[in-house]
Amino acid sequence: MNVIRLRPVVFWRVVVFLTVCGLFRFVLYSPKTSQDDTLLSIENLGLDVSYGVEPYPTCTVERRNVVFIKNHKCGSDTATNVFHRFGLDRGLSFVLAVPGRMTLNWPYVIEPGTYRASKADGGGFNIMCEHQIYNERIISAIMPFNSEYTTILREPFSRFKSAFNFFGLEWRADIHNTKPMLTYLEDIPRYEIHIRSPSNTQSKKSCMGPGWTAGQNGMSLDLGFDNGFQLDVLDQTNNVTYIRQWLQKLQKRFGLVMIMEHFEESLVLLRRLMCWRLQDVLYLVRNVGHYNFKTLQLDTIDPKLMDNYRRFNQVDIVLYDLFNKTLWRRIELEGPGYADELRQFKGVMEKVRAFCYTVPPPSNDTQMVIPKSDWNEAFPVTGFYCLRMANRLYNDITYIYQKNPKKVRMSRQWDKVPGC
Ligand SMILES: *[C@@H]1O[C@H](CO)[C@@H](O)[C@H](O)[C@H]1NC(C)=O
Ligand SMILES: *[C@@H]1O[C@H](CO)[C@@H](O)[C@H](O)[C@H]1NC(C)=O
Ligand SMILES: *[C@@H]1O[C@H](CO)[C@@H](O)[C@H](O)[C@H]1NC(C)=O
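Since the structure is predicted, the reported quantities are computational estimates derived from the model, not experimental observations. (Residues numbered from 1 in each chain as written. Chains lettered and ligands numbered in written order. Predicted model: local features only at pLDDT ≥ 70, side-chain atom pairs only at ≥ 80, totals over all residues. Heavy atoms only, no water.)

K.L.:
Quick question: what am I supposed to make of the pairing of strand β8 (residues 379-382) here?
P.N.:
On any regular strand, side chains alternate: one points to one face of the sheet, the next to the other face. The alternating pattern of β8 places Phe379 and Val381 on a buried face, while none of Pro380 and Thr382, on the opposite face, is buried. Relative to β8, strand β7 (residues 367-370) runs antiparallel, the two being bridged by four bridges. What sits directly across from Val369, in β8, is Pro380. (Buried < 20%, exposed > 50% of the residue type's maximum accessible area, 1.4 Å probe, protein only. Helix = DSSP H or I, 4+ residues; strand = E, 2+ residues; numbered from the N terminus. Pairing = 2+ DSSP bridges.)

Structure follows, in structure tokens:
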């Protein structure tokens, strides 16, 4: 029998070579470990909560150019009222949807012919705050270079429930029982394939187009995340590099990301960032949905279903976590005066609610005066002002537009969807 005999030095070389090969194999082909199942987080994406966060400069002149990305189901109607009121009171120019459309081409990016000015006399735009898909290149070509960028986010699971209800996911998924959301969470892939299938769009609500869903990372989609639904765009849902870069771009571009759960804290920051007056950021809650699974809490849902939800909506979850932390970082930077101002603002808001929500409501001319403080001059709140805060002001803006008509082309994207 022939035995291959190796000299000792060759033997050890072979041993080292095989060991290195083995290690490589382990690194490249290691079976899925728990590491692979880790959910995205600020830490494992290597994000810095303070990136792009600087104290707001002290200002003396109110800023009038602003982009507000009106994220769906995040209390954005309430916030939009603030921007509408501000612009209407000053006769500013809004970017509006074309007649017969409700959005700036959402869920597609803005294209020529899918928006118009609220004034005919040109002079550019001041405020962009209707539903749209964020795209920095497109927006910065429309809006003045010194525009501030803001948006609002909501705790992702509450937002998911709200979107599930509002966009009729149970209907799109053909779920017919008394617990549609739980049924959906039990087998997300199965229902999502059905929801996104081209043959399912025709008869379904709002004609979003094939591939669209309200079930996955809806906030991220509004903020320009490529989830692959636009046919010529790759789905980046599992691309960690893309997710990191996309979040960093938002960190850099947005002077303020408001958080619905901390709305008054956010409005005080908005006032400071924009150099507005306290009365400009008063609000009354608008467009609150009522649906039977709204009160389902995270901790009463089967952990398995919550896990399904979390894995499927990781991008939204990390987005929210990052900007909730950023909000608190900004608040720290604002220093001790911020707490005083917040206290004052909350006190004023309580008075405003008590006044506006009296039964019967105050007449248009009835007024209450908010006294002067360190943070505001004295100002009146009238019954009429309550109505303005509580109502949708879009029609007031389009009324101004109708007096100054300007020819525009209609949006084309939605017309491409068969049956719409
Ligand atoms: C992931 O994202 C990065 C950064 O945007 C991009 O360069 C890369 O091509 C993406 N990978 C895939 C597979 O799409
Ligand atoms: C947002 O951040 C604050 C401060 O860190 C924290 O107390 C709060 O629980 C966070 N909210 C959510 C919904 O995660
Ligand atoms: C208040 O003013 C609005 C707008 O001018 C008007 O439509 C409404 O009828 C008025 N309400 C009362 C009670 O006068």
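K.L.:
Would you mind going over the confidence of the model for the protein chain with me for this structure?
P.N.:
For any part of a model where pLDDT is low, the fine detail of the predicted coordinates should not be relied upon. With 80% of its residues at a pLDDT of 70 or more, the protein chain has an overall mean of 84. When the elements of the protein chain are averaged for pLDDT, helix α1 (residues 8-29) gives the smallest value, 45, and strand β6 (residues 256-259) the largest, 98. Segment residues 14-35 is flagged for pLDDT under 50; beyond a separation of four residues in sequence, or across chains, it makes two contacts in the model. Segment residues 404-413: pLDDT under 50, and 27 contacts once partners within four positions in sequence are set aside and those in other chains are kept. (pLDDT = per-residue confidence, 0-100. Contact = heavy atoms within 4.5 Å.)

K.L.:
I tried to follow the state of the cysteines on my own but got confused; where do I start?
P.N.:
Under the counting rule described, the total for this entry stands at two disulfides. The disulfide partner of Cys59 is Cys275, and the gap between their sulfur atoms is 2.2 Å. Taking the sign of the S-S torsion, about 105° here, the bridge from Cys59 to Cys275 comes out right-handed. Taken together, the residues span a long stretch of sequence, with Cys59 in the loop between α1 and β1 (66-69) and Cys275 in the loop between α10 (263-274) and α11 (303-312) at a distance of 216 residues. Across the disulfide from Cys356 sits Cys386; the S-S distance is 2.0 Å. In this structure, the disulfide formed by Cys356 and Cys386 twists by about -75° around the S-S bond and is classed as left-handed. (Disulfide = S-S within 2.5 Å.)

K.L.:
I tried to follow the pattern of salt bridges on my own but got confused; where do I start?
P.N.:
Any two side chains of opposite charge can pair, so long as their charged atoms come close to each other. Per the counting criterion, the structure on display carries 19 salt bridges. Residue Arg353 pairs with Glu264 through a salt bridge whose shortest N-O separation is 3.4 Å. Of the two residues, Arg353 is situated in helix α13 (residues 336-356) and Glu264 in helix α10; the sequence distance between them amounts to 89 residues. The exposure class assigned to Glu264 is buried, which follows from its relative accessible area of 10%. Notably, a salt bridge pairs Arg272 with Glu334, separated by 2.8 Å at the nearest N-O pair. In this pair, Arg272 sits in helix α10 while Glu334 sits in the loop between α12 (314-333) and α13, placing the two residues 62 residues apart along the sequence. Classification of Arg272 as buried rests on a relative accessible area of 12%. (Salt bridge = Lys/Arg side-chain N within 4 Å of Asp/Glu carboxyl O.)

K.L.:
Got a minute to help me understand the packing of aromatic side chains in this structure?
P.N.:
Where two aromatic rings form a pair, the distance of their centres and the angle of their planes describe that pair. Throughout the structure, instances matching the rule amount to 21 aromatic pairs. For the ring pair Trp106 and Trp212, a centre distance of 5.9 Å and an interplane angle of 80° mean the geometry is edge-to-face. Taken together, the residues Trp106 in the loop between β2 (95-96) and β3 (116-117) and Trp212 in the loop between α7 (188-196) and α8 (218-222) connect sequence positions 106 residues apart. Classification of Trp106 by relative accessible area gives buried; the value is 4%. (Phe/Tyr/Trp six-rings, centres within 6.5 Å; stacked < 30°, edge-to-face > 60°.)

K.L.:
Help me understand the side chain of Gln279, please; the structure alone is not making it clear to me.
P.N.:
Within the secondary structure, Gln279 sits in the loop between α10 and α11. With a relative accessible area of 11%, Gln279 lands in the buried category. Those residues within four positions of Gln279 in sequence are excluded, and the remaining contacts are Arg85, Phe379 and Tyr385.

K.L.:
How should I be thinking about the site of ligand 2 in this particular structure?
P.N.:
For ligand 2, the full set of nearby residues is Glu155, His262, Tyr320, Asn324 and Trp328. At 2.2 Å, a side-chain N or O of Asn324 approaches an oxygen atom of ligand 2. Separating an oxygen atom of ligand 2 from a side-chain N or O atom of Trp328 is a distance of 3.5 Å. Computed on the free molecule, ligand 2 has an accessible area of 360 Å², of which 45% lies beneath the protein chains in the complex. Considering only residue class, the shell around ligand 2 consists of two nonpolar, two polar and one charged. (Near = heavy atom within 4 Å. Polar contact = N/O pair within 3.5 Å; in protein donor to acceptor, adjacent residues only side chain to side chain. Areas by Shrake-Rupley, 256 points an atom, 1.4 Å probe, with all protein chains shown as cover. Nonpolar A, V, L, I, M, F, W, Y, C, P; charged D, E, K, R; others polar.)

K.L.:
Before we go on, may I ask you to explain the nonpolar core in this structure?
P.N.:
As a rule of thumb, nonpolar side chains are buried together in soluble globular proteins. One finds Leu247, Leu270, Leu282 and Val381 to be the most contacted residues of the largest nonpolar core, which totals 88 residues. In this structure Val381 touches Leu282, Val352, Phe355, Thr366, Gln367, Met368, Ile370 and Cys386, once residues within four positions along its chain are discounted. With 28 residues, the next largest nonpolar core counts Phe160, Ile175, Leu182 and Ile188 among its residues. (Core = buried A, V, L, I, M, F, W, Y, C linked by side-chain atoms within 4.5 Å.)

K.L.:
Would you take a moment to explain the sheet that holds β1 for this structure?
P.N.:
Read across the sheet, four strands follow the order β4-β1-β5-β6 without closing on themselves; strand pairing throughout is parallel. Whereas interior strands pair on both sides, the edge strands pair on one side only; in this sheet they are β4 (127-128) and β6. Pairing between β1 and strand β5 (residues 148-153): four bridges, direction parallel. The residue of β5 that forms the bridge with Ile69 is Thr151. Sitting on the sheet, α12 is in contact with β5 and β6, with an inclination near 105° to β6. (Axes fitted to C-alpha atoms, helices over the stretch in contact; angles between N-to-C directions.)

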